[in-house]
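# Structure at a glance
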Protein chains: 2
Amino acid sequence: MPAPPPPDDDARRHPRSRSRARTGAGGDRSGRSTAGRGPEPPRHEAIAAALRRAITEGRYPVGATLPSEAELAAAHGASRGTVRQAVAALLAEGLVGSRQGARRVVLSTTPSQSFTELRSFAQWARAGGRTAGGLVLSSSRGTARAEEAGLLQVPPGAPVLHVLRLRTLDGDPVLLERTVYAEWIAPAVEALPDDCESVTERLRRDEGLVFAHGEHHIDAVAAGTADADHLRVRRGSPLLRVRRTTTTAEGRPVETSDDRYRPGSVVFTVRNSTQTNPLTRTHA
Amino acid sequence: MPAPPPPDDDARRHPRSRSRARTGAGGDRSGRSTAGRGPEPPRHEAIAAALRRAITEGRYPVGATLPSEAELAAAHGASRGTVRQAVAALLAEGLVGSRQGARRVVLSTTPSQSFTELRSFAQWARAGGRTAGGLVLSSSRGTARAEEAGLLQVPPGAPVLHVLRLRTLDGDPVLLERTVYAEWIAPAVEALPDDCESVTERLRRDEGLVFAHGEHHIDAVAAGTADADHLRVRRGSPLLRVRRTTTTAEGRPVETSDDRYRPGSVVFTVRNSTQTNPLTRTHA
DNA sequence: GAGTGGTCTAGACCACTTT
DNA sequence: AAGTGGTCTAGACCACTCG
């Protein structure tokens, strides 16, 4: 049985500045001060971005194998741990698959959207080369019904803001939003113009409010009278419903919404695997 | 400028066997042979499971803060890296949120299902305390249509197996599956009994076939004649449609399916955040 | 200013796949 | 047997949050 190791001197054990010729080198972000530039993104993000680009641009088609971790580490001048952190992102996005002992394989070449893109209807539309429109049909202070209160984590009957909003894509109505905002954000929402194109972007700019987490419940419902009217479909025809609740990074709920999409206009896609599975199927 | 460090002797630098009194200790899984037991799960998984349990059992309600990484590391006798790996899993599941500098916050207490649970209707039903039934309505060899061929990554017109299957929950029809299997797995599928409860489990047991990745496209459609007939709804009434393609760990497509759920019976849920976003919204 | 999470390194052993 | 990903450690510096 070997004796426990002596606490050998730690000085000069992890020599930061070596001849790497990088600015914001890993672990040693103090080298940042060399140039007066803004903060650089983390190394692992840069590596992930490079890989993502290579995949979406077709350098690694579906079925191709990625370079080994050792190769990537050498190519980017990073440690294996950092490379693994980068690859983990692609793994979570479902772009690549991984099995112990074998090289990683490209599963898909279509990247998933950023969370912001998902949340912001306008931003999403823009990314697809379309123009989004928005129109507030009604906006009223009220009290939270039991279900809404639960989702917003406020007591039942607490004051909230109800907003009914119609969203259009290239002029066509595609989405009817019934949103409930928590009281603390209500004034900021009411201050927005009725035809505000992107609520998300305005709240971020004006209030510094960042949406960080979301939960989406997806099912199908028949169009009610109001739905049919605004979305220009027949009453009773199928609509894709997404009930979502968004919270800040601290977990504070901001809004909860019942969104109804006209069929044929939008599809939701989830990629998952044995490693990461964000999708859940529940009883209604 | 400090000189590069001498490549100081690595002997006895990372002394594996210390007085930790653990069997499958981290990094040193050779200690496994002490007992003839089966393989233990990785440390980080065990830690993640413990945290998940604590959350779902209510020890950490929504809004509560988790112990710090240092505390968790000490409590589980693991390194910080391993703890971070564990917490990353909860992060990806959307159970907890994280901001630099602040303690992690519980966002939700309902765990997401395993990938297998999601894929297997029977397994999912069982987990919810219900009984699943299955019935093959038709099964026929045929050729892949252009769209199917693309999804299965085979040339158009390649031989495939089409199966129409009705799934019931406690006797009620809730799901109509139109599945296309790649040819190489077709014989195994045809060998299954018509009322096979869980195709997934049988294929895993009999063929050693593991589904590893999946892509789900979710939208709403009106019930067609066949849909209405089998699901016992009116023609034209809303159905939740999930088109999915599943592949093996190597990325080889196994099956693609058009699943239609009777409304009110099932809801799909996705949790996401700025860090990990598996959900995508696309134009139809 | 102490605490906490985010990032990074360097090295090690293992299980598994591939040649 | 060589290669590759999976797991783990121990230590370090940083940016950020909070009292």
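Preceding this section is the structure that the text describes.
These lines cover the structure that appears in this document, whether it is placed above or below.

So, how was this worked out
Numbering of residues starts from 1 in each chain and follows the order in which that chain's sequence is written. By the order in which they are written, chains take letters starting at A while ligands take numbers starting at 1. Reporting of local features is limited, given that this is a predicted model, to residues whose pLDDT is at least 70; pairs of side-chain atoms are given and counted only at 80 or more, and all residues count toward the totals for whole chains, interfaces and linings. Derived side-chain values reflect all non-hydrogen atoms in the structure, with water molecules and hydrogen atoms excluded from consideration. Put simply, DSSP H or I for four residues or longer makes a helix, DSSP E for two residues or longer makes a strand, and each gets a number counted from the N terminus. Partly exposed residues are those whose accessible area sits between 20% and 50% of the maximum for their type, while under 20% is buried and over 50% is exposed, using a 1.4 Å probe and protein chains only. Two residues qualify as a contact provided that any one of their heavy atoms is within 4.5 Å of a heavy atom in the partner residue. By definition, two strands form a pair when at least two bridges between them are found by DSSP. Only C-alpha atoms enter the line fits that serve as axes; for helices the fit covers just the stretch in contact. Angles between N-to-C directions range over 0 to 180 degrees. Buried area: the accessible area, evaluated with a 1.4 Å probe, that two parts lose upon being put together, summed over both parts. Whenever Lys or Arg places a side-chain nitrogen within 4 Å of a carboxyl oxygen from Asp or Glu, that contact is recorded as a salt bridge. Aromatic contacts are taken between Phe, Tyr and Trp rings whose centres are within 6.5 Å, Trp giving its six-membered ring; a plane angle under 30 degrees counts as stacked, one over 60 as edge-to-face, and the others as tilted. Whether a charge sits over a ring depends on NZ of Lys or CZ of Arg being within 6 Å of the ring centre and within 35 degrees of the ring normal. Note that the arc is defined by the directions from the helix axis to the C-beta atoms.

## Thoughts on the side chain of T179 of chain B
Residue and element names in this part refer to chain B.
- By the secondary structure assignment, T179 is in strand 5 (residues 172-182).
- Assessed through its relative accessible area of 1%, T179 is described here as buried.
- Among residues more than four places away in sequence, those in contact with T179 are L161, H162, V163, R165, E255, T256 and S257.

## Topic: the sheet that holds strand 3 (residues 132-143) of chain B
- Spatially, eight strands are ordered 3(B)-4(B)-5(B)-8(B)-7(B)-6(B)-9(A)-10(B) in an open sheet, and the strand pairing comes out antiparallel. Only two strands of the sheet have a single neighbouring strand rather than two, namely strand 3 and strand 10 (279-283) of chain B. Within this sheet the neighbouring strands show an average axis-to-axis angle of 20 degrees, counted without direction.
- Pairing between strand 9 (residues 266-273) of chain A and strand 6 (residues 213-222) of chain B: six bridges, direction antiparallel. Across the sheet, residue S273 of chain A finds its bridge partner in strand 6 of chain B, namely H213 of chain B.

## A look at the pairing of strand 5 of chain B
All names here are of chain B.
- Counting buried positions along strand 5 gives nine out of 11 residues, so the element sits mostly inside the fold.
- The sheet contact formed by strand 4 (residues 159-169) and strand 5 spans 10 bridges and is antiparallel. Along strand 5, the bridge assignment pairs L166 with L176.
- Counting the residues in the hairpin turn of strand 4 and strand 5 gives two residues, including D170, whose phi is positive at 55 degrees.
- Both strand 5 and strand 8 (residues 253-261) contribute to a ladder of seven bridges, which runs antiparallel. Following the sheet pairing, L175 is matched in strand 8 by Y261.

## A closer look at the interface of chain A and chain B
- Across the boundary between the two partners, chain A contributes 73 residues, which contact 72 residues of chain B.
- Three residues, V267, R281 and H283 of chain A, lead the burial of chain A against chain B; their summed loss comes to 14% of the area buried on that side.
- At the surface where chain A touches chain B, the tally comes to four salt bridges.
- Here R99 of chain B and E250 of chain A are joined by a salt bridge, their closest N and O atoms 3.7 Å apart.
- Those elements that place two or more of their residues in the side of chain A that touches chain B are strand 1 (96-97), helix 4 (115-119), helix 5 (121-127), strand 6 (213-222), strand 7 (238-247), strand 9 and strand 10 (279-283) of chain A.

## Focus on the packing of aromatic side chains
All names here are of chain A.
- Going through the model one piece at a time under the given rule, you end up with four aromatic pairs over all chains.
- Between F121 and W124, the ring centres sit 5.5 Å apart and the planes meet at 50 degrees, which makes this aromatic pair tilted. Note that F121 and W124 are positioned in helix 5 at a spacing of three residues, about one turn of the helix. In this pair, the class of F121 matches that of W124, namely buried.
- Across from the ring centre of F211, 4.1 Å away, lies the NZ or CZ of R119, which sits over that ring.
- Of note, R252 hangs over the ring of W184, and the distance from its end group to the ring centre comes to 4.0 Å.

## Remarks on unusual backbone geometry
Residues and elements named next belong to chain A.
- Phi is positive for Q153, close to 55 degrees, though the residue is something other than glycine.
- Relative to the helices and strands, Q153 resides in the loop between helix 6 (146-152) and strand 4 (159-169).
- Judged by relative accessible area, which is 44%, Q153 ranks as partly exposed.

## Examining the pairing of strand 7 of chain A
All names here are of chain A.
- Among the 10 residues in strand 7, nine count as buried, and that is most of the element.
- Of the pairings in the sheet, the one linking strand 6 to strand 7 comprises 10 bridges and is antiparallel in character. Bridge pairing links I218 to V242 in strand 7.
- Taken together, the eight bridges between strand 7 and strand 8 (residues 253-261) define a ladder with antiparallel strand orientation. Within strand 8, the residue paired with V242 across the bridge is D259.
- Counted between consecutive antiparallel strands, the loop separating strand 7 from strand 8 contains five residues, among which G251 sits at a positive phi close to 95 degrees.

## As for helix 2 (residues 69-76) of chain A
All names here are of chain A.
- Buried residues of helix 2: E69, L72 and A73, and no others. The buried residues of helix 2 all sit within an arc of 100 degrees when viewed along its axis, so they share a single face. Turned more than 90 degrees off the buried face of helix 2, the exposed positions are A70, A74 and A75.
- Looking at the residues trailing helix 2, positive phi occurs at G77, about 60 degrees.

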